[in-house]
Amino acid sequence: MKFTKMEGLGNDYVYVNCLNEQVVNPKEVAIKVSDRHFGIGSDGLILIKASDVADFCMEMYNADGSQSEMCGNGIRCVGKYVYDYGLTDKEHISVETLAGIKYLDFQIEDGKVAMVTVNMGSPELVPEKIPVRSDKDVLICEPILVDGKTYEMTCVSMGNPHCIVFVDNTATFPLEEVGPKFEMHTVFPNRVNAEFIQIIDRKTVNMRVWERGTGETLACGTGACASTVACILNELTEEEITLHLLGGDLKVRWDRDENVVYMTGPAKVVFDGEINDACL
């Protein structure tokens, strides 16, 4: 099986061009290739497929084999792959995901995609659609008890569920201890991605993320978008901000007139390779 390892701000995945390759059991393959000691090493597996409703289809699996609806960093890399590897010559494409069709615009430098802006669609705030178990209309700065401590959460879906919590200092926050307890909390029927945000100023925040099925990652695109929405709903920032993630920076804007979130960030190829099917 031929593959390409790519990363968006250190959020790395193994990408397979399923226009040429076939992945029979993607859940098992995701677990094996993601292993950083005995596999390729990644946060998961992303398959690039044909689509009847868009230019391409993106199918995403986490490191534990579970399937996710969307990945903001991953879809930027899909865009770079299809352009740089000659699957399209268009600088504006559509990509089908389980979270709907997303639209990508490329910034080209020396014939390659350097930056990608993604129309991430509208944020979902209705608890049952995120999903979160609650009788509230929206969950903005709502208390949640986690391991005996009360936090204030804002819940948003960007095609997958996110719980955003504001903290004083992301660097010292005990994410490895707290993150799994948020992910598996009973209030989240499909588990949750948990983002912990430190406000620097009205245009800048720090962010760390615990992704369901993977653990802490260096970046999360949908998480950055959900966090931007949460910052604005809590009146803590402007409508366009820079988020400092462990892997680098993302710019995110929530156009409230259109009710659309736009994310801009890099995508990079790490290496191409081929793995013996017997290893899978």
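Residues numbered from 1 in each chain as written. Predicted model: local features only at pLDDT ≥ 70, side-chain atom pairs only at ≥ 80, totals over all residues. Heavy atoms only, no water.

Trainee: Help me understand the overall build of the protein in this model?
Mentor: Tallying secondary structure elements over the protein gives four helices and 18 strands in all. What you see for the protein is a C-alpha radius of gyration of 18 Å, in line with the 19 Å of a compact globule of 280 residues. Projected onto its principal axes, the C-alpha positions of the protein cover 50 × 40 × 35 Å. The buried share of the protein, reckoned over its 280 residues, is 57%. Sequence separation of 24 or more characterises 61% of the internal contacts of the protein that already satisfy a separation of 6 or more. Accessible surface, the protein as shown: approximately 12,100 Å² in total, 46% of it carbon and sulfur. (Helix = DSSP H or I, 4+ residues; strand = E, 2+ residues; numbered from the N terminus. Rg over C-alpha atoms; globule rule 2.2 N^0.38 Å. Buried < 20%, exposed > 50% of the residue type's maximum accessible area, 1.4 Å probe, protein only. Contact = heavy atoms within 4.5 Å. Areas by Shrake-Rupley, 256 points an atom, 1.4 Å probe, with all protein chains shown as cover.)

Trainee: Sorry if this is basic, but what is going on with helix α4 (residues 221–233) here?
Mentor: For an α-helix, 3.6 residues make a turn, and residues three or four places apart therefore share a direction. With 13 residues, α4 extends 19 Å from end C-alpha to end C-alpha; this agrees with the ideal 18 Å at 1.5 Å per step. Where burial is concerned, most of α4 is hidden: 13 out of the 13 residues are buried. Positive phi appears at Glu-235, one or two residues downstream of α4, with a value of about 60 degrees. (Expected span 1.5 Å × (residues − 1).)

Trainee: How should a nonpolar patch on the surface be read in this particular structure?
Mentor: A contiguous nonpolar patch, built from Val-53, Ile-101 and Tyr-103 and spanning about 250 Å² of accessible area, is present on the exposed surface. In this structure, Ile-101 sits in strand β7 (residues 100–109). (Patch = residues over 30% accessible without salt bridge, like charges linked within 9 Å, V, L, I, M, F, W, Y side chains within 5 Å. Salt bridge = Lys/Arg side-chain N within 4 Å of Asp/Glu carboxyl O.)

Trainee: Help me understand the nonpolar core, please; the structure alone is not making it clear to me.
Mentor: One broad trend across soluble globular proteins is that nonpolar side chains are buried collectively. Counting 51 residues, the largest nonpolar core has Tyr-15, Met-58, Leu-104, Met-120, Met-207, Leu-243 and Val-261 as its most contacted members. The leading source of residues in this core is α4, at eight residues. Membership of the second largest hydrophobic core comes to 21 residues, among which are Tyr-151, Val-187, Val-192 and Ala-194. (Core = buried A, V, L, I, M, F, W, Y, C linked by side-chain atoms within 4.5 Å.)

Trainee: Please clarify how the side chain of Ser-51 should be interpreted in this entry.
Mentor: Take Ser-51: it is sitting in the loop between β3 (44–49) and β4 (56–62). Taking the relative accessible area as the measure of exposure, Ser-51 reaches 16% and is therefore buried. Side-chain polar atoms of Ser-51 contact the backbone nitrogen of Ala-54, separated by 3.0 Å. A polar atom in the side chain of Ser-51 sits 2.6 Å from the side chain of Glu-96. Excluding anything up to four places from it in sequence, Ser-51 contacts Phe-56, Cys-57 and Glu-96. (Polar contact = N/O pair within 3.5 Å; in protein donor to acceptor, adjacent residues only side chain to side chain.)

Trainee: What exactly am I supposed to notice about helix α1 (residues 26–34) here?
Mentor: The set of residues buried in α1 consists of Pro-26, Val-29, Ala-30, Val-33 and Ser-34. Taken end-on, α1 shows its buried residues confined to a sector of 115 degrees, consistent with a single buried face. Buried residues along α1 sit against β2 (11–17), β3 and β4. (Arc of directions from axis to C-beta.)

Trainee: It is not clear to me how the pattern of salt bridges should be interpreted in this structure. Could you clarify?
Mentor: Two side chains with opposite charge may pair up if their charged atoms get near one another. Summed over all chains, the structure comprises 14 salt bridges. We note a salt bridge from Lys-5 to Asp-12, for which the minimum N-O separation is 3.2 Å. Here Lys-5 matches Asp-12 in class, with each residue buried. Among the ionic pairs, Glu-216 bridges to Arg-208, the shortest N-O distance being 2.9 Å.

Trainee: Could you clarify how one ought to interpret unusual backbone geometry in this entry?
Mentor: Excluding glycine, most residues fall at negative phi; most peptide bonds, likewise, are trans. Cis geometry marks the peptide bond from Ile-130 to Pro-131; its omega dihedral reads 0 degrees. Within the secondary structure, Pro-131 sits in the loop between β8 (112–119) and β9 (142–146). The residue Asp-147 is not glycine, and still its phi comes out positive at about 55 degrees. On the accessibility criterion, Asp-147 (56% relative accessible area) is exposed.

Trainee: Mind showing me how you'd approach the side chain of Asp-43 here?
Mentor: Mapped onto the elements, Asp-43 comes out in the loop between α1 and β3. Polar contacts involving the side chain of Asp-43 include one to the side chain of Arg-36, which spans 3.1 Å. Ignoring sequence-local partners within four residues, the contact set of Asp-43 consists of Gly-10, Asn-11, Asp-12, Tyr-13, Ser-34, Arg-36, Tyr-61, Asn-62, Ala-63, Thr-214 and Thr-217.

Trainee: How should I be thinking about the packing of aromatic side chains in this particular structure?
Mentor: The geometry of an aromatic ring pair is captured by two quantities: the separation of the ring centres and the angle between the planes. Summed over the entire model, instances satisfying the criterion amount to seven aromatic pairs. Here the aromatic rings of Tyr-81 and Tyr-85 are separated by 4.3 Å at their centres, their planes lie at 10 degrees, and the arrangement is stacked. The exposure class assigned to Tyr-85 is partly exposed, which follows from its relative accessible area of 32%. Through successive ring pairs, a cluster of aromatic residues spans Tyr-151, Phe-173, Phe-182 and Phe-196. A cation sits over an aromatic face here: Arg-256 above Trp-254, 4.6 Å from the ring centre. (Phe/Tyr/Trp six-rings, centres within 6.5 Å; stacked < 30°, edge-to-face > 60°. Lys NZ or Arg CZ within 6 Å of the ring centre and 35° of its normal.)

By themselves these figures say nothing about function.
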